[in-house]
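Spelled out from the first residue to the last, the chains are:
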Amino acid sequence: MAEGHIVPHKLSIPELTVLKDDWVKAGKRAIEAGFDVLEIHNAHGYLMHQFLSPISNTRHDGYGGDLKGRMRFPLEVAEALRETWPDDKPVFVRVSAVDGLEGGWTMDDTVVYAKELKARGIDVIDCSSGGLFGSATAARVKRSWGFQVPYAERVRSEVGIKTMAVGLIIDPLFAEDILQKEKADLIAIAREALVNPCWPQMAEIALGRKPIDAMDDWPVQYGWWLKHRERTLEQIRADETAARQN
Ligand SMILES: Cc1cc2nc3c(=O)[nH]c(=O)nc-3n(C[C@H](O)[C@H](O)[C@H](O)COP(=O)(O)O)c2cc1C
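Draft legend 1. View of the domain arrangement of the protein chain. Split by domain assignment, the protein chain resolves into domain 1 (13-209) and domain 2 (211-246). Measuring from the centre of the C-alpha atoms in domain 1 to the corresponding centre in domain 2 gives 41 Å. Listed per partner, the contact involves 5 residues of domain 1 and 8 residues of domain 2. Roughly 510 Å² of surface becomes buried between domain 1 and domain 2 when both sides are summed, with 70% attributable to carbon and sulfur atoms. There are 0 salt bridges connecting domain 1 and domain 2. The residue makeup of the side of domain 1 that touches domain 2, split by class, is 3 nonpolar, 1 polar and 1 charged.

Draft legend 2. Here's a closer look at the nonpolar core. One finds Tyr113, Leu117, Ile125 and Val155 to be the most contacted residues of the largest nonpolar core, which totals 46 residues. Sorting elements by how many residues they give to this core places helix α3 (residues 67-84) first, with 7 residues. Phe92, Val124, Met164 and Val166 belong to the second largest nonpolar core, which has 5 residues in total.

Draft legend 3. How the structure looks around the side chain of Arg59. Note that Arg59 resides in the loop between α2 (47-52) and α3. On the basis of relative accessibility, which here comes to 9%, the residue Arg59 falls in the buried class. At 2.9 Å, the side chain of Arg59 forms a polar contact with the backbone oxygen of Leu11. Only 2.7 Å separates the side chain of Arg59 from the side chain of Asp61, close enough to count as a polar contact. Setting aside residues no more than four positions away along its own chain, Arg59 makes contact with Lys10, Leu11, Ile13, Leu16, Phe51, Gly64 and Gly65.

Draft legend 4. Spatial organisation of the site of the ligand. Neighbouring the ligand are the residues His41, His44, Arg94, Val166, Gly167, Leu168, Ile189, Ala190, Arg191 and Leu194. Between an oxygen atom of the ligand and a side-chain N or O atom of His41, the distance comes to 2.5 Å. Measuring from an oxygen atom of the ligand, one finds a backbone N or O atom of Ala190 at 3.0 Å. For the ligand, the accessible surface in isolation is 610 Å², of which the surrounding protein chains cover 59%.

Draft legend 5. Layout of the sheet that holds strand β2 (residues 91-96). In spatial order, the strands read β1-β2-β3-β4-β5; together these 5 strands make up an open sheet with parallel pairing. The sheet is open, and its two edges are formed by β1 (38-42) and β5 (186-188), each paired on a single side. On average, each strand axis in the sheet is inclined to that of its neighbour by 25°, with strand direction left out of account. Of the strand pairs in this sheet, β1 and β2 are connected by 5 bridges, and their pairing is parallel. Paired with Asn42 across the bridge in β2 is Val95.

Draft legend 6. Region of interest: the pattern of salt bridges. The full count for this structure, using the stated rule, is 16 salt bridges. Between Lys25 and Asp21 there is a salt bridge, with its nearest N and O atoms 3.7 Å apart. Here Asp21 and Lys25 lie together in helix α1 (residues 13-33), a separation of 4 residues that amounts to about one turn. For Lys25, a relative accessible area of 43% corresponds to the partly exposed category. We note a salt bridge from Arg156 to Asp185, for which the minimum N-O separation is 2.9 Å. Linking Arg156 in helix α5 (residues 149-159) with Asp185 in the loop between α6 (172-180) and β5, this pair joins segments that are 29 residues apart in sequence. Residue Asp185 is classed as partly exposed on the basis of its relative accessible area of 25%. Via salt bridges that share partners, Lys20, Arg72 and Glu76 belong to a single interconnected network.

Draft legend 7. Region of interest: unusual backbone geometry. Of note, the phi angle at His44 is positive, near 55°, even though the residue is not glycine. Looking at where His44 falls in the secondary structure, it is placed in the loop between β1 and α2. The class for His44 is partly exposed, based on a relative accessible area of 27%. Phi is positive for Glu182, close to 55°, though the residue is something other than glycine. By relative accessible area, Glu182 is classed as exposed at 54%.

Reading guide: rules and limits
- Residues numbered from 1 in each chain as written.
- Predicted model: local features only at pLDDT ≥ 70, side-chain atom pairs only at ≥ 80, totals over all residues.
- Heavy atoms only, no water.
- Domains from an automatic or database assignment.
- Contact = heavy atoms within 4.5 Å.
- Buried area = accessible area lost by both parts, 1.4 Å probe.
- Salt bridge = Lys/Arg side-chain N within 4 Å of Asp/Glu carboxyl O.
- Nonpolar A, V, L, I, M, F, W, Y, C, P; charged D, E, K, R; others polar.
- Core = buried A, V, L, I, M, F, W, Y, C linked by side-chain atoms within 4.5 Å.
- Buried < 20%, exposed > 50% of the residue type's maximum accessible area, 1.4 Å probe, protein only.
- Helix = DSSP H or I, 4+ residues; strand = E, 2+ residues; numbered from the N terminus.
- Polar contact = N/O pair within 3.5 Å; in protein donor to acceptor, adjacent residues only side chain to side chain.
- Near = heavy atom within 4 Å.
- Areas by Shrake-Rupley, 256 points an atom, 1.4 Å probe, with all protein chains shown as cover.
- Pairing = 2+ DSSP bridges.
- Axes fitted to C-alpha atoms, helices over the stretch in contact; angles between N-to-C directions.

In structure tokens:
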């Protein structure tokens, strides 16, 4: 336990029942709000992750101890939410595939857990990592392009469930390669979408699915301007090439 942090109390069985009920209520609100996908957060040191990891779960009752005991509450919640959520809409579970800490949750545990989630009708495993200890952004796992893709790939191949890859996937060609090589079924883009909110449109152009000046489906206020700038740029580049050749 890090200095200055609150020590959580051990949840009683009635408290677990209330929490499960709260999750179901949240699921119902999400239906009313019209969401298409429900993702249950089991990663990054949040409560479900605390149940799963042997580092944080020190219970000795049926909700702790061995892997089966530690998975029990998160699986009960997943089951309750899958029952709540419409059959024709998917439920994702975001996991920290590894804690990245000595004696913590491992990829082998994630594979076992994903099999249990699949058996309960969960549709997609969203493979992140870390977050159980220290700063949320502390690099427990070495960062590189798509550093968490191998987790999505292993879960996908060993469990036969759809996976989502996330983390430092920036280049559309790299994202497409992950899908084409069947390492994951979905790609999540977070920070790059903040840097470039038009990433999906740019990706379509980069992948050759749309011509360079296909800005008709961009926000109309500036799509028109960008389309015309592209044509101007094309003309300037052509003039420059011609000038170099003369
Ligand atoms: C502003 C911001 C808020 C985030 N909030 C959450 C969060 O509440 N829960 C979560 O699991 N991840 C959260 N993340 C992490 C992202 O979901 C994602 O896993 C992470 O940024 C790595 O993907 P990226 O390299 O594409 O950004 C957040 C990221 C950003 C940039």
